[in-house]
Amino acid sequence: MKYKAVIFDLDGVICSTDEYHYLAWKALAEMLGIDGFTREDNKLQRGVSRMESLEVVLRKTRTVYTEEQKTALAETKNEIYKNMLSGMSEKDLSEEVSTTLYKLREKGLKLAIGSSSKNTPFILERLGLGAYFDAVADGNCVTRSKPDPEVFLKAAEMLGFKPSECLVVEDAAAGAKAGVDGGFDVAGLGEAGDYGKTAYRLKAFSDIAKICECD
Ligand code: B16
Ligand code: MG
(Lines give C-alpha, C1' and ligand atoms only; values in the text may rest on other atoms or scores of the structure.)
(Ligands and ions follow the chains in the order given, each with its own letter.)
Protein backbone atom coordinates (compact mmCIF):
# COMPACT_ATOMS: atom_id res chain seq x y z
CA MET A 1 0.00 0.00 0.00
CA LYS A 2 1.32 3.45 -0.92
CA TYR A 3 0.21 5.17 2.32
CA LYS A 4 0.21 4.16 5.98
CA ALA A 5 -2.02 7.00 7.16
CA VAL A 6 -4.49 9.63 6.01
CA ILE A 7 -4.58 13.08 7.65
CA PHE A 8 -7.87 14.91 7.15
CA ASP A 9 -8.63 18.59 7.32
CA LEU A 10 -11.84 19.09 9.34
CA ASP A 11 -13.92 22.11 8.21
CA GLY A 12 -15.01 21.47 4.62
CA VAL A 13 -13.63 17.91 4.45
CA ILE A 14 -15.01 15.78 7.31
CA CYS A 15 -18.00 18.09 7.81
CA SER A 16 -19.63 21.19 6.30
CA THR A 17 -18.79 23.57 9.14
CA ASP A 18 -17.11 25.82 6.52
CA GLU A 19 -20.62 27.10 5.76
CA TYR A 20 -21.18 28.00 9.44
CA HIS A 21 -17.83 29.86 9.47
CA TYR A 22 -19.04 31.89 6.49
CA LEU A 23 -22.42 32.68 8.05
CA ALA A 24 -20.87 33.65 11.40
CA TRP A 25 -18.29 35.98 9.79
CA LYS A 26 -21.03 37.51 7.67
CA ALA A 27 -23.13 38.13 10.79
CA LEU A 28 -20.14 39.82 12.46
CA ALA A 29 -19.48 41.93 9.34
CA GLU A 30 -23.10 43.11 9.41
CA MET A 31 -22.80 43.99 13.11
CA LEU A 32 -19.83 46.19 12.15
CA GLY A 33 -21.78 47.87 9.33
CA ILE A 34 -19.84 46.07 6.58
CA ASP A 35 -22.26 45.15 3.76
CA GLY A 36 -20.01 43.70 1.09
CA PHE A 37 -18.68 40.57 2.82
CA THR A 38 -19.04 37.81 0.20
CA ARG A 39 -18.35 34.13 -0.37
CA GLU A 40 -15.28 35.21 -2.38
CA ASP A 41 -13.93 36.95 0.75
CA ASN A 42 -14.73 33.83 2.73
CA LYS A 43 -12.50 31.72 0.45
CA LEU A 44 -9.52 33.66 1.83
CA GLN A 45 -10.52 32.57 5.36
CA ARG A 46 -10.49 28.87 4.60
CA GLY A 47 -7.78 27.01 6.48
CA VAL A 48 -6.27 30.11 8.09
CA SER A 49 -6.53 30.99 11.79
CA ARG A 50 -9.41 32.83 13.48
CA MET A 51 -7.41 36.07 13.89
CA GLU A 52 -6.22 36.00 10.26
CA SER A 53 -9.82 35.39 9.20
CA LEU A 54 -10.87 38.46 11.16
CA GLU A 55 -8.35 40.56 9.20
CA VAL A 56 -10.10 39.48 5.97
CA VAL A 57 -13.31 41.05 7.33
CA LEU A 58 -11.61 44.18 8.68
CA ARG A 59 -9.95 44.85 5.32
CA LYS A 60 -13.44 45.88 4.20
CA THR A 61 -13.75 48.80 6.63
CA ARG A 62 -11.75 51.96 7.28
CA THR A 63 -12.39 51.74 11.02
CA VAL A 64 -9.24 50.95 12.96
CA TYR A 65 -9.58 48.52 15.87
CA THR A 66 -7.13 48.01 18.74
CA GLU A 67 -5.72 44.54 19.42
CA GLU A 68 -8.00 44.28 22.44
CA GLN A 69 -11.06 45.11 20.32
CA LYS A 70 -9.96 42.59 17.69
CA THR A 71 -9.74 39.87 20.32
CA ALA A 72 -13.27 40.74 21.46
CA LEU A 73 -14.56 40.69 17.83
CA ALA A 74 -13.01 37.27 17.22
CA GLU A 75 -14.68 36.04 20.43
CA THR A 76 -18.04 37.40 19.30
CA LYS A 77 -17.72 35.58 15.98
CA ASN A 78 -16.76 32.40 17.81
CA GLU A 79 -19.83 32.65 20.01
CA ILE A 80 -22.08 33.01 16.95
CA TYR A 81 -20.27 30.07 15.32
CA LYS A 82 -20.46 27.85 18.41
CA ASN A 83 -24.14 28.57 18.69
CA MET A 84 -24.53 27.17 15.17
CA LEU A 85 -22.36 24.15 16.06
CA SER A 86 -24.47 23.35 19.10
CA GLY A 87 -27.24 22.16 16.79
CA MET A 88 -24.93 19.58 15.20
CA SER A 89 -25.18 15.87 15.88
CA GLU A 90 -24.13 12.49 14.45
CA LYS A 91 -26.65 13.12 11.67
CA ASP A 92 -24.27 15.77 10.29
CA LEU A 93 -21.69 13.11 9.50
CA SER A 94 -22.46 12.07 5.92
CA GLU A 95 -22.86 8.44 4.94
CA GLU A 96 -20.10 8.93 2.36
CA VAL A 97 -17.61 10.18 4.95
CA SER A 98 -18.40 7.51 7.55
CA THR A 99 -18.29 4.67 5.00
CA THR A 100 -14.98 5.88 3.56
CA LEU A 101 -13.39 6.26 7.01
CA TYR A 102 -14.54 2.74 7.86
CA LYS A 103 -13.03 1.28 4.66
CA LEU A 104 -9.68 2.97 5.28
CA ARG A 105 -9.54 1.75 8.85
CA GLU A 106 -10.51 -1.79 7.80
CA LYS A 107 -7.44 -1.86 5.55
CA GLY A 108 -5.24 -0.95 8.52
CA LEU A 109 -4.58 2.70 7.69
CA LYS A 110 -4.12 5.10 10.62
CA LEU A 111 -6.43 8.12 10.53
CA ALA A 112 -5.73 11.63 11.84
CA ILE A 113 -7.08 15.17 11.84
CA GLY A 114 -4.99 18.20 10.86
CA SER A 115 -7.15 21.30 11.38
CA SER A 116 -6.53 24.98 12.10
CA SER A 117 -9.66 25.06 14.24
CA LYS A 118 -9.58 25.42 18.02
CA ASN A 119 -13.13 24.03 17.99
CA THR A 120 -11.93 20.66 16.66
CA PRO A 121 -12.56 18.61 19.87
CA PHE A 122 -16.06 20.11 20.21
CA ILE A 123 -16.98 19.38 16.57
CA LEU A 124 -15.63 15.81 16.66
CA GLU A 125 -17.64 15.21 19.82
CA ARG A 126 -20.85 16.50 18.17
CA LEU A 127 -20.25 14.21 15.17
CA GLY A 128 -19.76 11.18 17.42
CA LEU A 129 -16.07 10.99 16.43
CA GLY A 130 -14.65 12.14 19.76
CA ALA A 131 -12.42 9.09 20.20
CA TYR A 132 -12.31 7.87 16.61
CA PHE A 133 -9.04 9.26 15.22
CA ASP A 134 -5.58 7.91 16.03
CA ALA A 135 -4.23 11.46 16.31
CA VAL A 136 -5.72 14.95 16.40
CA ALA A 137 -3.56 17.98 15.62
CA ASP A 138 -5.48 21.25 15.66
CA GLY A 139 -5.40 24.98 16.32
CA ASN A 140 -4.86 24.31 20.02
CA CYS A 141 -1.47 22.67 19.53
CA VAL A 142 0.24 24.76 16.85
CA THR A 143 1.79 28.21 16.78
CA ARG A 144 1.57 28.76 13.02
CA SER A 145 -1.60 28.14 11.07
CA LYS A 146 -1.92 26.87 7.47
CA PRO A 147 -0.38 27.56 4.92
CA ASP A 148 2.44 26.69 7.33
CA PRO A 149 2.84 22.88 7.39
CA GLU A 150 3.14 22.70 11.21
CA VAL A 151 -0.28 21.12 11.90
CA PHE A 152 0.23 18.30 9.39
CA LEU A 153 3.80 17.65 10.54
CA LYS A 154 2.49 17.45 14.10
CA ALA A 155 -0.20 14.93 13.08
CA ALA A 156 2.39 12.77 11.28
CA GLU A 157 4.69 12.94 14.30
CA MET A 158 1.84 11.91 16.64
CA LEU A 159 1.19 8.91 14.37
CA GLY A 160 4.89 8.05 14.16
CA PHE A 161 5.08 8.29 10.35
CA LYS A 162 7.09 10.35 7.88
CA PRO A 163 5.22 12.84 5.66
CA SER A 164 5.96 10.65 2.63
CA GLU A 165 3.96 7.83 4.28
CA CYS A 166 0.82 9.97 4.79
CA LEU A 167 -1.84 11.33 2.46
CA VAL A 168 -3.30 14.75 3.37
CA VAL A 169 -6.90 15.56 2.39
CA GLU A 170 -7.76 19.26 2.04
CA ASP A 171 -10.44 21.58 0.68
CA ALA A 172 -8.60 24.92 0.96
CA ALA A 173 -5.75 26.39 -1.07
CA ALA A 174 -3.91 27.38 2.16
CA GLY A 175 -4.24 23.79 3.42
CA ALA A 176 -3.07 22.29 0.12
CA LYS A 177 0.03 24.50 0.23
CA ALA A 178 0.66 23.47 3.85
CA GLY A 179 0.53 19.79 2.89
CA VAL A 180 2.74 20.14 -0.19
CA ASP A 181 5.32 22.28 1.66
CA GLY A 182 5.39 19.70 4.47
CA GLY A 183 6.39 16.98 1.99
CA PHE A 184 2.99 15.22 1.90
CA ASP A 185 1.01 13.97 -1.08
CA VAL A 186 -2.19 16.03 -1.05
CA ALA A 187 -5.64 15.02 -2.27
CA GLY A 188 -7.60 18.20 -2.99
CA LEU A 189 -11.34 18.70 -2.89
CA GLY A 190 -12.84 21.73 -4.67
CA GLU A 191 -10.57 24.77 -4.51
CA ALA A 192 -7.67 22.71 -3.07
CA GLY A 193 -7.80 20.53 -6.19
CA ASP A 194 -7.04 23.64 -8.25
CA TYR A 195 -3.84 24.26 -6.31
CA GLY A 196 -1.32 23.14 -8.94
CA LYS A 197 0.91 20.90 -6.83
CA THR A 198 -1.59 18.43 -5.38
CA ALA A 199 -1.01 14.75 -6.12
CA TYR A 200 -4.75 14.09 -6.62
CA ARG A 201 -7.81 16.12 -7.49
CA LEU A 202 -10.86 14.56 -5.82
CA LYS A 203 -14.31 14.62 -7.41
CA ALA A 204 -15.79 13.19 -4.23
CA PHE A 205 -14.62 12.34 -0.71
CA SER A 206 -15.14 8.64 -1.46
CA ASP A 207 -12.33 8.77 -4.10
CA ILE A 208 -9.88 8.54 -1.17
CA ALA A 209 -10.78 4.84 -0.81
CA LYS A 210 -9.65 4.21 -4.41
CA ILE A 211 -6.41 6.17 -3.95
CA CYS A 212 -5.66 4.11 -0.83
CA GLU A 213 -6.56 0.84 -2.59
CA CYS A 214 -9.51 0.14 -0.29
CA ASP A 215 -12.22 -0.15 -2.95
P1 B16 B 1 -11.70 28.31 14.71
P2 B16 B 1 -9.76 23.63 8.91
C3 B16 B 1 -10.14 26.14 9.75
O4 B16 B 1 -10.41 24.78 9.85
C5 B16 B 1 -11.18 26.84 8.91
O6 B16 B 1 -11.10 26.41 7.55
C7 B16 B 1 -10.93 28.34 8.95
O8 B16 B 1 -11.92 29.01 8.18
C9 B16 B 1 -10.97 28.81 10.41
O10 B16 B 1 -10.68 30.21 10.47
C11 B16 B 1 -9.94 28.03 11.22
O12 B16 B 1 -10.20 26.64 11.10
C13 B16 B 1 -9.96 28.42 12.68
O14 B16 B 1 -11.18 27.98 13.23
O15 B16 B 1 -12.16 29.72 14.71
O16 B16 B 1 -12.83 27.32 14.88
O17 B16 B 1 -10.56 28.05 15.64
O18 B16 B 1 -10.31 23.86 7.55
O19 B16 B 1 -8.25 23.76 9.03
O20 B16 B 1 -10.29 22.37 9.54
MG1 MG C 1 -10.91 23.14 5.49
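Residues numbered from 1 in each chain as written. Chains lettered and ligands numbered in written order. Predicted model: local features only at pLDDT ≥ 70, side-chain atom pairs only at ≥ 80, totals over all residues. Heavy atoms only, no water.

What follows is about the coordination of the magnesium ion (ligand 2). Between any two of four tetrahedral donors, the ideal angle at the metal is 109.5 degrees; between two of six octahedral donors, it is 90 or 180 degrees. Every protein donor of the magnesium ion (ligand 2) is accounted for by D9 (OD), D11 (O) and D171 (OD), and the metal-donor separations fall at 2.1 to 2.2 Å. The motif formed by the donor residues of the magnesium ion (ligand 2), counted along the single chain, is D-x1-D-x159-D. Of this pair, D9 sits in the loop between β1 (5–8) and α1 (17–31) while D171 sits in the loop between β4 (166–170) and α8 (173–181), and the two are 162 residues apart along the sequence. We classify D171 as buried; its relative accessible area is 7%. (Donors = N, O, S within 2.8 Å, 3.2 Å for Na, K, Ca; no water. Helix = DSSP H or I, 4+ residues; strand = E, 2+ residues; numbered from the N terminus. Buried < 20%, exposed > 50% of the residue type's maximum accessible area, 1.4 Å probe, protein only.)

So, on to the pattern of salt bridges. Following the criterion strictly, the structure yields 19 salt bridges and no others. The salt bridge partner of D148 is R144, with a shortest N-O separation of 2.9 Å. A relative accessible area of 22% places D148 in the partly exposed class. For R144, a relative accessible area of 44% corresponds to the partly exposed category. Across the pair D181 and K177 runs a salt bridge whose closest N-O atoms are separated by 2.5 Å. (Salt bridge = Lys/Arg side-chain N within 4 Å of Asp/Glu carboxyl O.)

Our next topic: the packing of aromatic side chains. Following the criterion strictly, the structure yields five aromatic pairs and no others. Arranged with centres 6.2 Å apart and planes meeting at 65°, the rings of F152 and F184 form a pair that is edge-to-face. Within this pair, whereas F152 is found in helix α7 (residues 150–159), its partner F184 is found in the loop between α8 and β5 (185–189), the two being separated by 32 residues in sequence. Judged by its relative accessible area of 0%, F152 is buried. An aromatic cluster is built from F8, Y132, F133 and F205, whose rings are joined through pairwise contacts. For R105, the ring lying beneath its charged end belongs to Y132, and the centroid distance is 4.4 Å. (Phe/Tyr/Trp six-rings, centres within 6.5 Å; stacked < 30°, edge-to-face > 60°. Lys NZ or Arg CZ within 6 Å of the ring centre and 35° of its normal.)

Count 3.6 residues to each turn of an α-helix, and residues three or four apart come out pointing the same way. The terminal C-alpha atoms of helix α5 (residues 95–106) lie 16 Å apart, and with 12 residues this matches the ideal 16 Å at 1.5 Å per residue to within 8%. Looking at the buried residues of α5, the elements they touch are β1, β2 (110–114) and α9 (207–211). One or two steps after α5, the chain reaches G108, where phi turns positive at roughly 95°. (Expected span 1.5 Å × (residues − 1). Contact = heavy atoms within 4.5 Å.)

Taken together, 18 residues surround ligand 1, and among them D11, R50, S115, S117 and K118 come closest. One of the side-chain N or O atoms of D9 is found 2.8 Å from an oxygen atom in ligand 1. A distance of 2.7 Å separates an oxygen atom of ligand 1 from a polar atom in the backbone of K118. The protein chains hide 98% of the 460 Å² of surface that ligand 1 would expose on its own. (Near = heavy atom within 4 Å. Polar contact = N/O pair within 3.5 Å; in protein donor to acceptor, adjacent residues only side chain to side chain. Areas by Shrake-Rupley, 256 points an atom, 1.4 Å probe, with all protein chains shown as cover.)

Looking now at the domain arrangement of the protein. If you check the domain split of the protein, you get domain 1 (5–16 + 90–211) and domain 2 (18–85). Here domain 1 and domain 2 have C-alpha centroids that lie 24 Å from each other. Between domain 1 and domain 2, the contact holds 16 residues from the first and 15 residues from the second. Here domain 1 packs against domain 2, burying approximately 1,200 Å² in sum over the two surfaces, 49% of which is carbon and sulfur. When the buried area of domain 1 at its contact with domain 2 is split by residue, S16, N119 and F122 rank highest and sum to 34% of it. Where domain 1 meets domain 2, there are one salt bridge. (Domains from an automatic or database assignment. Buried area = accessible area lost by both parts, 1.4 Å probe.)

What follows concerns the pairing of β1. Side chains A5 and I7 project from β1 onto one buried face, and the interleaved V6 and F8 project onto a second face that is buried too. In this structure, β1 lies alongside β4, joined through four bridges in parallel fashion. Across the sheet, the residue bridging to A5 is C166, located in β4. (Pairing = 2+ DSSP bridges.)

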